[in-house]
Amino acid sequence: MGPEVTPIDLSATIRTDRPLLDYHWLALPDGAALLTLLWGKAGEDRRAISGATVAAHIGGWNTDIWVLIPGQRPVLWPPGQMYPNGSMFAADDAGTLYGWHICRPRVIYGCEIGGGHLGKLDMPLVLETPLSPRMQAGTVNVQIDCGDAAAPQWRNLSREEAGSEGKVPWPSVPNPWRYWAGPDENRLQAFIGRHSGSGRTERFDNSHWYELRAAANPA
């Protein structure tokens, strides 16, 4: 590790009393990032969970949302501590963050980095995971479920927020997680192995940081 590298120690973000089910990295326009970690119930076997069974489990799950800034220790995002089942999944060029309460995924909230409420949308998302909807890479375009009678459609969150005048009359979605195959064991084990701090301090350096930013915002 050269002198130009600023480390970010993620060991503090790992819980030892709950299984990690998923994580989502959200790069922010100012160079910082939010890391959302989804934790199952104590003793729960994540290998037994799939999109079809989320509804039976989700009531006992919790999320931690961490603010990551190169050169500083991760800290819990204060608004995330007020909503322990929150998920932040997108940020537009204006700095508006988008997320939802994972037990109520149909309602999308727009907020500022400090947690100030900007508005909400009623949209039946097609979810890739319990933390993130199906999105077009490099955009804030999300896929919505129009019910069995129609194909899913793409919507731009920024435009929808600007034109929102209340609830949008979309049909209900029986199980918005049904497209999720369940926790990716290899991905989660790799994340835990890198950042558990078991016996030594495992850290991200700046090269990892920019790789992750590039992955979150492909050209």
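Reference entry: report on the structure contained in this document. (Residues numbered from 1 in each chain as written. Predicted model: local features only at pLDDT ≥ 70, side-chain atom pairs only at ≥ 80, totals over all residues. Heavy atoms only, no water.)

Some words on the overall build of the protein chain
And then number 1: Secondary structure assignment for the protein chain yields 5 helices and 12 strands.
And then number 2: Going through the 219 residues of the protein chain one by one, you find that 47% of them count as buried.
And then number 3: Contacts spanning at least 24 positions in sequence make up 58% of the contacts within the protein chain whose residues lie at least 6 apart.
And then number 4: Surface exposure of the protein chain reaches about 10900 Å², of which carbon and sulfur atoms provide 52%. (Helix = DSSP H or I, 4+ residues; strand = E, 2+ residues; numbered from the N terminus. Buried < 20%, exposed > 50% of the residue type's maximum accessible area, 1.4 Å probe, protein only. Contact = heavy atoms within 4.5 Å. Areas by Shrake-Rupley, 256 points an atom, 1.4 Å probe, with all protein chains shown as cover.)

Description of the pairing of strand β3 (residues 33–39)
And then number 1: Extensive coverage of β3 is indicated by the burial of 7 of its 7 residues.
And then number 2: Residue alternation in β3 divides its side chains into two sets, A33, L35, L37 and W39 and L34, T36 and L38, and both sets are buried.
And then number 3: Examined bridge by bridge, strand β2 (residues 20–27) and β3 share 7 bridges and lie antiparallel to one another. Paired with A27 across the bridge in β3 is A33.
And then number 4: Remark: 5 residues form the turn of the hairpin made by β2 and β3, two consecutive strands paired antiparallel; G31 in that turn has positive phi of roughly 95 degrees.
And then number 5: As defined by bridge partners, β3 adjoins strand β4 (residues 62–68) across 7 bridges and the pair is classed as antiparallel. (Pairing = 2+ DSSP bridges.)

What to know about the environment of A32
And then number 1: Here A32 shows up in the loop between β2 and β3.
And then number 2: A C-alpha to C-alpha distance of 7.3 Å links A32 and P70, two positions 38 residues apart in sequence.

Here's the deal with the sheet that holds strand β6 (residues 86–91)
And then number 1: Spatial strand order, β6-β7-β8-β9: 4 strands in an open sheet with antiparallel pairing. Unpaired on one side and paired on the other, β6 and β9 (117–122) mark the two borders of the sheet. The mean angle between the axes of side-by-side strands here comes to 30 degrees, regardless of whether they run parallel or antiparallel.
And then number 2: Direction of pairing for strand β7 (residues 97–101) relative to strand β8 (residues 107–111): antiparallel, over a ladder of 3 bridges. Among the inter-strand pairings, Y98 is bridged to a residue of β8, identified as G110. (Axes fitted to C-alpha atoms, helices over the stretch in contact; angles between N-to-C directions.)

What to know about the pattern of salt bridges
And then number 1: Within the structure shown, the criterion is met by 8 salt bridges.
And then number 2: Measuring nitrogen to oxygen at the nearest pair gives 2.6 Å for the salt bridge that ties R106 to D122. Here the residue R106 occupies a position in the loop between β7 and β8, and D122 occupies one in strand β9, the gap between them amounting to 16 residues. (Salt bridge = Lys/Arg side-chain N within 4 Å of Asp/Glu carboxyl O.)

Here's the deal with the layout of surface pockets
And then number 1: Quantified by volume, the second largest pocket comes out at close to 340 Å³.
And then number 2: Forming the boundary of the second largest pocket are 17 residues, of which P79, Y83, M88, Y109 and C111 lie nearest the centre.
And then number 3: Elements represented by at least two residues in the lining of the second largest pocket include exactly α2 (78–82), β6, β7 and β8.
And then number 4: Class assignment for the residues of the lining of the second largest pocket results in 9 nonpolar, 7 polar and 1 charged. (1 Å grid on protein atoms, 1.4 Å probe; cavity = no way out; pocket = protein on both sides within 12 Å on 5 of 7 lines; lining within 4 Å. Points joined across faces, edges and corners; volume = space filled by probe spheres on them. Nonpolar A, V, L, I, M, F, W, Y, C, P; charged D, E, K, R; others polar.)

Overview of the nonpolar core
And then number 1: Counting 24 residues, the largest nonpolar core has W61, F89, I108, M123 and L157 as its most contacted members.
And then number 2: Mapped onto this core, the elements with two or more residues apiece are β6, β7 and β10 (141–144). (Core = buried A, V, L, I, M, F, W, Y, C linked by side-chain atoms within 4.5 Å.)

Section: the side chain of H57
And then number 1: Mapped onto the fold, H57 is located in helix α1 (residues 54–57).
And then number 2: Among the polar contacts listed, one links the side chain of H57 to the side chain of E44, at a separation of 2.6 Å.
And then number 3: Not counting the four nearest positions on each side in its chain, H57 is found in contact with K41, E44 and I49. (Polar contact = N/O pair within 3.5 Å; in protein donor to acceptor, adjacent residues only side chain to side chain.)

A few points about the sheet that holds β4
And then number 1: On the basis of which strands lie adjacent, the open sheet formed by 4 strands has the order β2-β3-β4-β5 and antiparallel pairing. Looking along the sheet, the strands with just one partner apiece sit at the ends: β2 and β5 (75–76).
And then number 2: Inspection of the sheet shows β4 paired to β5 by 2 bridges, in the antiparallel sense. Bridged to W66 within β5 is L76.
And then number 3: Running over the sheet, helix α4 (residues 185–195) touches β2 and β3 and is turned about 75 degrees from β2.

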